[in-house]
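Now for the letters of each chain:
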Amino acid sequence: MKIIVLKDYDTVSKEAAKIVADEIKANPSIVLGLATGSTPVGMYNELARLCSAGEISFADAVSYNLDEYVGIDINHEQSYHRFMDENLFSKVNFKDGSTHVPYTDGANPDADCRAYDEAVAAAGGIGIQILGIGSNGHIAFNEPDDVFIRRTHITSLDEQTIRDNARFFDSEADVPKQAITVGMGVIMGAKKIVIIATGANKADAVYKMVRGEVTPRVPASILQLHQDVVLLLDEAAAHKLA
Ligand code: PGA
């Protein structure tokens, strides 16, 4: 794992965008693995700026997102479909139909999960995967568990995740309790992974991911086994590594 510590959120966001932009320039038809959350917003802003400036184009790229709440309307202001539209898709030049966010209406979740894995596999797997990390060590909605789950699946959100995400909803009770999420197969199958963590509330999870044992109790620790991971941290998120 290559660890890069930068001063603050802004410099981390710009560096993450530069890494992604370089990959797009090298391979314009790249398969992007995209993440939601507060962390990648600055990176998406910078990618949108680079696209508007004509430095990169998403016209030949495709994207697959990590996860979505179950039981949320895709037009809900906190749905991850909406998040991606607002923070990236509406600002750059992806072709219609080339962006994908997992979804299940709950009628046949197993089939929806299988279809998502098949679609990622048919696209050739992920070229570059963007990740954040939860304060509990989750990646996508792979929550602390007794086992690593390989396939896309429906999961119950961890209590810590519900508390962390309550800031986006009117109350904790309004946070959806389940999500559809890619498993470790899609993530670990990515050719390259860029994981971003900023802020002191991520320092514990970062320390365990990097220095702890590889365990499904800290899902991000599996990244120790991937051959090409860049971990971008601000000083606050890195402070336990010193
Ligand atoms: P955050 O979420 O960027 O909103 O902190 C990260 C995550 O849960 O992966």
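That block above? That's the structure.
Small disclaimer: the values here were computed from a predicted structure and weren't measured. (Residues numbered from 1 in each chain as written. Predicted model: local features only at pLDDT ≥ 70, side-chain atom pairs only at ≥ 80, totals over all residues. Heavy atoms only, no water.)

So, about unusual backbone geometry. Despite not being glycine, A140 has its phi angle at roughly 50°, a positive value. Here A140 lies in the loop between strand 6 (128-131) and strand 7 (153-156). Take A140: its relative accessible area is 8%, and that puts it in the buried class. (Helix = DSSP H or I, 4+ residues; strand = E, 2+ residues; numbered from the N terminus. Buried < 20%, exposed > 50% of the residue type's maximum accessible area, 1.4 Å probe, protein only.)

To continue, consider the sheet that holds strand 4 (residues 67-69). Sheet strands associate in pairs through backbone hydrogen bonding, adopting either a parallel or an antiparallel arrangement. If you walk across this open sheet you meet the three strands as 4-8-7, and the pairing is antiparallel. Looking at which strands have only one partner, the edges of the open sheet turn out to be strand 4 and strand 7. Adjacent strand axes in the sheet meet at a mean angle of 25° when their direction is disregarded. Pairing of strand 7 with strand 8 (residues 178-181) involves four bridges; the strand directions are antiparallel. Residue pairing across strands places T155 opposite A179, the latter belonging to strand 8. (Pairing = 2+ DSSP bridges. Axes fitted to C-alpha atoms, helices over the stretch in contact; angles between N-to-C directions.)

Below, the discussion takes up the nonpolar core. Counting residues in each nonpolar core, the largest one holds 65 residues, and the members touching the most others are L32, L47, I187 and L223. If you tally residues by element for this core, the top one is helix 1 (residues 9-26), at seven residues. The contacts of L32, once residues within four sequence positions are left out, are V20, I24, F58, A61, V62, S63, Y64, F94, I126 and I128. Ranked by size, the runner-up nonpolar core spans 10 residues in total, among them I72, Y80, A166 and V175. (Core = buried A, V, L, I, M, F, W, Y, C linked by side-chain atoms within 4.5 Å. Contact = heavy atoms within 4.5 Å.)

All right, on to the site of the ligand then. The environment of the ligand is made up of G37, S38, T39, G132, I133, G134, H138, R167 and K202. In this structure, H138 approaches the ligand through a side-chain N or O atom, which is 2.6 Å from an oxygen atom. Within the side chain of K202, one N or O atom sits 2.6 Å away from an oxygen atom of the ligand. Starting from 280 Å² of accessible surface for the ligand in isolation, the protein chains cover 83%. Judged by its atoms lying within 2 Å of the grid points, the ligand is housed in the largest pocket. Classifying every residue of the shell around the ligand by side-chain character gives one nonpolar, six polar and two charged. (Near = heavy atom within 4 Å. Polar contact = N/O pair within 3.5 Å; in protein donor to acceptor, adjacent residues only side chain to side chain. Areas by Shrake-Rupley, 256 points an atom, 1.4 Å probe, with all protein chains shown as cover. 1 Å grid on protein atoms, 1.4 Å probe; cavity = no way out; pocket = protein on both sides within 12 Å on 5 of 7 lines; lining within 4 Å. Sits in = over half its atoms within 2 Å of the grid points. Nonpolar A, V, L, I, M, F, W, Y, C, P; charged D, E, K, R; others polar.)

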